[in-house]
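Examining the three-dimensional arrangement
Each chain, written out:
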Amino acid sequence: MTRTARACKELKELCDMAKQIKTGIIGQGRSGRDIHGVYLCKDDRFKIVAVADTLAERRQRAVQEYGCAAYATHVELLQRKDLDLVVNASFSHQHTSITKDILTAGCHVVCEKPLARNVAMVDEMIAAAKKSGRVFAVFQQSRYAPYFQQVQKDIFGLIEDYRYLLWSIYCRVYLLHVRRQAKLLRDVLRDSILRKYFF
Ligand SMILES: NC(=O)c1ccc[n+]([C@@H]2O[C@H](COP(=O)([O-])OP(=O)(O)OC[C@H]3O[C@@H](n4cnc5c(N)ncnc54)[C@H](O)[C@@H]3O)[C@@H](O)[C@H]2O)c1
C-alpha cells in the first residue's frame, strides 16, 4: 500500500470511528470562515478546535462562533499536538510554505486554490506529504459540483463522438500543408538550377 493510500485509510478510519476530526483553520476570511468554517461547523464529523489569523477581530469572531482557541500566526497554531486536519486558507502566495509547515507538523491538509505558482512548488508539497505520510488535498470544490461534472461529461462526450471527424480534418489540413511545403521546395530548387545554368 502506498503512503498516500495509507494516509487516506487513516483519515477514513478517523471518520469511521465516529471520532470527530480535530480541525484547525488558517485564515478567517472569505474562504477560511465563509466557506470552510460555515461548512465544518455543521458537519458532526469535524470539530474546529483552533484557528489562526493575524487580525484580532477575526480571531475574536472565531472564538465566539466556534468556541475554539485562536492564534495570531499559523506557527503558533501548529504547535498544538491535538490537530488531525488543518485547512490552509491563507493568502495564495503563502500556500506552498504553509502547507509544507502543516505536513511537517504531522497534520493532514486541505489547501485552498490556487495551489501554487508553478509545478516545482507543487512537487515540493507532494514530497512533504510523502515524507509525512499525511493526506494532502486541494480544495477544488467546483470539480465535484453536479453542473461542473455535467459540462465535463458533455464536452468529453462531444470530443469522443467527433473524434474520427476531427482526426480526419486534422490529417487533411496537415496533408495540404505538406503539399504546399513540397511545392515551395520544388520552386526554390528549380529557380536556383535555372539561375545557375541558364542565366
Ligand atoms: N475555493 C474557493 O472558492 C475560494 C474562495 C475564496 C478564496 N479562495 C482562496 O482562499 C485563500 C484566501 O482567500 P480569502 O478571500 O479568504 O482572503 P482573505 O484576505 O479574506 O483572508 C485571508 C486571511 O488569512 C489571514 N492570514 C494570512 N496568512 C496568515 C498566517 N500566516 N497566519 C495567520 N493568518 C493568516 C489574514 O489575516 C486574512 O484574514 C486565497 O488563496 C483564495 O484564492 C478560494
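Residues numbered from 1 in each chain as written. Predicted model: local features only at pLDDT ≥ 70, side-chain atom pairs only at ≥ 80, totals over all residues.

Counting its secondary structure elements, the chain contains eight helices and six strands. Beginning at the N terminus, the succession of helices and strands in the chain can be written as α-β-α-β-α-β-α-β-α-β-α-β-α-α. Scaling as 2.2 N^0.38, a compact globule of 199 residues should have a C-alpha radius of gyration of about 16 Å, whereas the chain reaches 27 Å, well beyond that. Overall size of the chain, expressed as C-alpha extent along the three principal axes, is 95 × 40 × 40 Å. Looking at the 199 residues of the chain, the share that counts as buried comes to 25%. (Helix = DSSP H or I, 4+ residues; strand = E, 2+ residues; numbered from the N terminus. Rg over C-alpha atoms; globule rule 2.2 N^0.38 Å. Buried ≥ 20, exposed ≤ 12 C-beta atoms within 10 Å, placed from the backbone.)

Moving on, we come to the site of the ligand. Neighbouring the ligand are 24 residues; Gly-27, Gly-29, Arg-30, Ser-31 and Glu-112 lie closest to it. When grouped by side-chain class, the residues that make up the shell around the ligand number seven nonpolar, twelve polar and five charged. (Near = placed C-beta within 6 Å. Nonpolar A, V, L, I, M, F, W, Y, C, P; charged D, E, K, R; others polar.)

Take the sheet that holds strand β6 (residues 136-139) next. Here we have six strands laid out as an open sheet, ordered β3-β2-β1-β4-β5-β6, and parallel in their pairing. Both outer strands of the open sheet, β3 (69-71) and β6, are each paired with one neighbouring strand and no more. Looking at each pair of strands side by side, their axes are set apart by 25° on average, direction ignored. By the bridge criterion, four bridges tie strand β1 (residues 21-26) to strand β4 (residues 85-88) in an arrangement that is parallel. (Pairing = 2+ DSSP bridges. Axes fitted to C-alpha atoms, helices over the stretch in contact; angles between N-to-C directions.)

Looking now at the nonpolar core. Nonpolar side chains in soluble globular proteins tend to be buried together. Ranked by size, the top nonpolar core spans 28 residues in total, and within it Ile-26, Val-51, Val-86, Ile-102, Cys-107 and Val-109 carry the most contacts. When residues of this core are traced back to their parent elements, those giving at least two are β1, β2 (46-52), α3 (56-66), β4, α5 (95-104), β5 (108-112) and α6 (119-132). (Core = buried A, V, L, I, M, F, W, Y, C linked by C-beta atoms within 7 Å.)

For the rest of this paragraph, the subject is the pairing of β4. Judged by which residues are buried, β4 turns out to be covered on both faces: Leu-85 and Val-87 on one side and Val-86 and Asn-88 on the other are all buried. Of the pairings in the sheet, the one linking β4 to β5 comprises four bridges and is parallel in character. Within β5, the residue paired with Val-87 across the bridge is Val-110.

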